[in-house]
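Breakdown of the fold
The primary structure of each chain is shown beneath.
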There are 2 protein chains.
Amino acid sequence: MVYRLDEQIGYILRLANQRHGLIFNKHSELGLTPTQFAALVRIGEMGACSQNLLGRRTAMDVATIKGVVTRLKAKGFIQLSPDPGDKRRTVVSLSVQGQGVIDQLHAFGEKVTEETLSPLSETERKVFLDMLKRLT
Amino acid sequence: MVYRLDEQIGYILRLANQRHGLIFNKHSELGLTPTQFAALVRIGEMGACSQNLLGRRTAMDVATIKGVVTRLKAKGFIQLSPDPGDKRRTVVSLSVQGQGVIDQLHAFGEKVTEETLSPLSETERKVFLDMLKRLT
DNA sequence: GGTTAATCGTTTGTACACTAATAAACAACC
DNA sequence: GGTTGTTTATTAGTGTACAAACGATTAACC
C-alpha cells in the first residue's frame, strides 16, 4: 500500500486546526487567540486558581501558560495576586472587565463551533466529537 | 445551554493534535518534527519544486516553509538550487540522504498513524477520517 | 528536626504559524 | 516597450508549544 500524506491523521488534524483558527480569528472581536480564549473561559468555569493549575486544566505547558497569563493580564482580563497560604503560588482570577466579557465569550465560542462544524450534520457532529475525544 | 470548554471542537482539536505530536516524537528516530516530516514526504511524492509551491502543497505559510526548508537543508535531507528559467525561484529537491530515508519515513508514518488511531476500530477510522477531511 | 521529595514559577532555546512589509523577477496587455 | 499586476522569496514581529534546567518553597516521613 502506498503511503499518502493526504491520508494521514496527523496531517489532516493540522489542516483542521488551521481552518478552525481562521474561523476563530474572523469572528474574534476582543483580540483573543484560541489559547487565551480557552484560559479565560476556564477561569470563568473554575474560579480563581494558581497559574500552574490553570495550565494543567487547559492542557498548557508551564512555559506556555506563563506567556498566556502575561498577555491576558496585559489586556486587563485577569488579575494576579500572591497566595497567602503558599508563597510559591500566584493566584489568577478574573478582573471586573474579565467577568464582564464571559457571556460574550460564550456566544462567540458557540458561533465559532457552529461554523467550524457546519460541514457536518447534527447526527454526524455527535459521532465525530465522540470519536475525536477518544483521540485526546 | 451551558457553554463548556471541554465540548468545543477547537479545544478538542488542540488536544488531539497534542497527543499526536507526543506519539510522533516518541517514535521519531531521525529527529524530524511533524512539519518537517510532511514537507519531506511531499517532496518525495512531488519531486523537485519551488519553495513556495512546496509550502502550498503542505499547507504552510511562506514564512513557515522558509524555516522548515532551512532546517531540512541543515539536516542534509534536501538540497537547494536556483531555477534556471526563473530567477525568483529556489528549487528544492531531495538529497541522496533524503532519498535514502523516504521508505523509512513511510514506515515510521504508518506506525504513528496506527498508534494515534488505536482508540478507534477499523470501521470508525474510515468514518472519522472522512468527517475530519470535511473540516479542512 | 532534618533529610528527601515534590511542587511552583521562571527562564532559555528550538520550532511552528500567521501577519505585514519589502524587493526582485516575471507575465499580460495595450 | 513600458505600465500594471502577480509571483517568489525574505525579513520582522507576535503568539503558541515543548524540553530542560533553575531557585524557592512546601510536604512527607523517618
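Residues numbered from 1 in each chain as written. Chains lettered and ligands numbered in written order. Predicted model: local features only at pLDDT ≥ 70, side-chain atom pairs only at ≥ 80, totals over all residues. Heavy atoms only, no water.

Chain A appears in an unreviewed UniProt entry as Transcriptional regulator from Neptunicoccus cionae.

Residue and element names in this part refer to chain A. Within the open sheet, the three strands sit side by side as β1-β3-β2. Their pairing is antiparallel. At either end of the open sheet lies a strand with only one pairing partner, and these are β1 (49–50) and β2 (78–82). Across five bridges, the pairing between β2 and strand β3 (residues 90–94) is antiparallel. Bridge pairing in β3 places S81 opposite V91. (Pairing = 2+ DSSP bridges. Helix = DSSP H or I, 4+ residues; strand = E, 2+ residues; numbered from the N terminus.)

All right, on to the packing of helix α2 (residues 34–46) of chain A against helix α5 (residues 96–116) of chain A then. Residue and element names in this part refer to chain A. Two elements in contact, α2 and α5, have axes separated by 10 Å at closest approach and are oriented at 125°. Classed by the angle they form, the pair α2 and α5 counts as oblique. Helix-helix and strand crossings are classified by hand; for α2 and α5 the assignment is left-handed. Across the interface between the two elements, F37, L40, V41 and G44 from α2 touch I102, L105, H106, F108 and G109 from α5. Grouping the amino acids of the contact of α2 with α5 by side-chain chemistry returns six nonpolar, three polar and no charged. (Axes fitted to C-alpha atoms, helices over the stretch in contact; angles between N-to-C directions. Parallel < 35°, antiparallel > 145°, perpendicular 65-115°, else oblique. Left-handed = near helix turned anticlockwise from the far one by under 90°. Contact = heavy atoms within 4.5 Å. Nonpolar A, V, L, I, M, F, W, Y, C, P; charged D, E, K, R; others polar.)

Turning our attention to the packing of helix α6 (residues 122–134) of chain A against helix α6 (residues 122–134) of chain B. The geometry of α6 of chain A relative to α6 of chain B is characterised by a closest axis approach of 10 Å and an angle of 110° between their N-to-C directions. Compared by their axis directions, α6 of chain A and α6 of chain B come out roughly perpendicular. On α6 of chain B, the residues that touch E124, V127, F128, M131, L132 and R134 of chain A of α6 of chain A are E124, V127, F128, M131, L132 and R134 of chain B. Considering only residue class, the contact of α6 of chain A with α6 of chain B consists of eight nonpolar, no polar and four charged.

Residues and elements named next belong to chain A. Most of β3 is tucked away: four of the five residues are buried. The pairing of β1 with β3 spans two bridges and is classified as antiparallel. Note that in β3 the partner of S50 across the bridge is V91. (Buried < 20%, exposed > 50% of the residue type's maximum accessible area, 1.4 Å probe, protein only.)

A few words on the protein's contact with DNA strand D. Taken together, 23 residues lie around DNA strand D, and T33 and Q36 of chain A together with N52, R88 and T90 of chain B are the ones closest in. Among the atoms of DNA strand D close to the protein, meaning within 4 Å, 73% are from sugar or phosphate groups. Taking R71 of chain A, its side chain carries an N or O atom lying 2.9 Å from a phosphate oxygen of DNA strand D. Contacts to DNA strand D include K66 of chain B, whose side-chain N or O atom sits 3.4 Å from a phosphate oxygen. When residues of the surface near DNA strand D are traced back to their parent elements, those giving at least two are α2 and α4 (62–74) of chain A together with α1 (9–27), α3 (51–57) and α4 (62–74) of chain B. Among the elements that line the surface near DNA strand D, the one with the most residues is α4 of chain A, at four residues. Across the surface near DNA strand D, the residue classes tally to four nonpolar, nine polar and 10 charged. (Near = heavy atom within 4 Å. Polar contact = N/O pair within 3.5 Å; in protein donor to acceptor, adjacent residues only side chain to side chain.)

This part is about the relation of the copies chain A and chain B. Each copy of the sequence occupies a distinct position, and chain A is placed on chain B by a rotation of 180° and an axial shift of 0.0 Å, giving an RMSD of 0.0 Å. Read as a symmetry element, the transformation amounts to a two-fold axis. Judged by C-alpha distance, F128 of chain A is the residue of chain A that lies nearest the rotation axis, at 3.2 Å. (Least-squares fit on C-alpha atoms with pLDDT ≥ 70 in both.)

Within the structure, DNA strand C sits among 24 residues, and N52 and T90 of chain A together with T33, D61 and R71 of chain B are positioned closest to it. Take the atoms of DNA strand C that sit within 4 Å of the protein: sugar and phosphate atoms are 76% of them. Within the side chain of R14 of chain A, one N or O atom sits 2.8 Å away from a phosphate oxygen of DNA strand C. If you list the elements that add at least two residues to the surface near DNA strand C, you get α1 (9–27), α3 (51–57) and α4 of chain A together with α2 (34–46) and α4 of chain B.

Below, the discussion takes up the packing of aromatic side chains. On inspection of all chains with the given rule, the structure shows nine aromatic pairs over all chains. Residues F24 of chain B and F37 of chain B carry aromatic rings whose centres are separated by 5.6 Å and whose planes lie at 75° to one another, so their mutual orientation is edge-to-face. Placement of F24 of chain B in helix α1 and of F37 of chain B in helix α2 is noted, with a sequence separation of 13 residues between them. In terms of burial, F24 of chain B and F37 of chain B fall into one category: buried. Site record: aromatic cluster; members linked through ring pairs are Y3 of chain A together with F24, F37 and F108 of chain B. (Phe/Tyr/Trp six-rings, centres within 6.5 Å; stacked < 30°, edge-to-face > 60°.)

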